Amino acid sequence: MYSVQLTPRCDDWQGCISFELVVINKTDKNIEIDWNRSLYVSHGQTAGGFLFEGIIVRDRNNPKQPDIIFGNSTFKKIVWPNNLVSLNVPSTGVPLVSWDYDAMPQGENGMFLSLRIDDKE
């Protein structure tokens, strides 16, 4: 029916800060990803939602539109855990404010992915 692959994206400098999500729809029916019910999981506990391209960082906790995976197609998206994004305000020097993406903690990290197929979650 479908397959899901979630791969952490890591480097030596920052650690693992995001995931690559791949969903392969093996049917002729559309699949909908409900981002408002899909959650980051760390050490067996839910820990907020996800941020991805097209979402303004300051609005990351607002409701999100679903993504549609068309029949017999492959969907790919890079996602960042919302609760690991923080505002960096320097205490001295040039007042350059930026968003930081913190590394996921050591141990088990993953995703509770909410899909809707034929109006069934």
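For the structure, check the block above.
A.B. asks: Outline the nonpolar core, listing residues and values.
C.D. replies: With 18 residues, the main nonpolar core has Leu21, Ile33, Trp35, Tyr40, Phe50, Phe75 and Val79 as its most contacted residues. Those elements that provide at least two residues to this core are β2 (15-25), β3 (31-33), β6 (50-52), β8 (74-81) and β12 (115-117). Of all the elements, β2 adds the most residues to this core, at three residues.

A.B. asks: Tell me what's going on with the sheet that holds β6, and back it up with residues and numbers.
C.D. replies: Through backbone hydrogen bonds, the strands of a sheet pair up, either in parallel or in antiparallel fashion. A sheet is described by the order of its strands in space; here four strands give the open sequence β1-β2-β8-β6, paired in antiparallel fashion. Only two strands of the sheet have a single partner each, and these edge strands are β1 (2-11) and β6. Sheet twist, expressed as the average angle between the axes of neighbouring strands with direction ignored, equals 35°. As paired strands, β1 and β2 are joined by ten bridges and run antiparallel to one another. Residue pairing in the sheet places Cys10 in a bridge with Cys16 of β2.

Rules used in this analysis
Residues numbered from 1 in each chain as written. Predicted model: local features only at pLDDT ≥ 70, side-chain atom pairs only at ≥ 80, totals over all residues. Heavy atoms only, no water. Core = buried A, V, L, I, M, F, W, Y, C linked by side-chain atoms within 4.5 Å. Buried < 20%, exposed > 50% of the residue type's maximum accessible area, 1.4 Å probe, protein only. Helix = DSSP H or I, 4+ residues; strand = E, 2+ residues; numbered from the N terminus. Pairing = 2+ DSSP bridges. Axes fitted to C-alpha atoms, helices over the stretch in contact; angles between N-to-C directions.

Geometric values such as these leave the question of function open.
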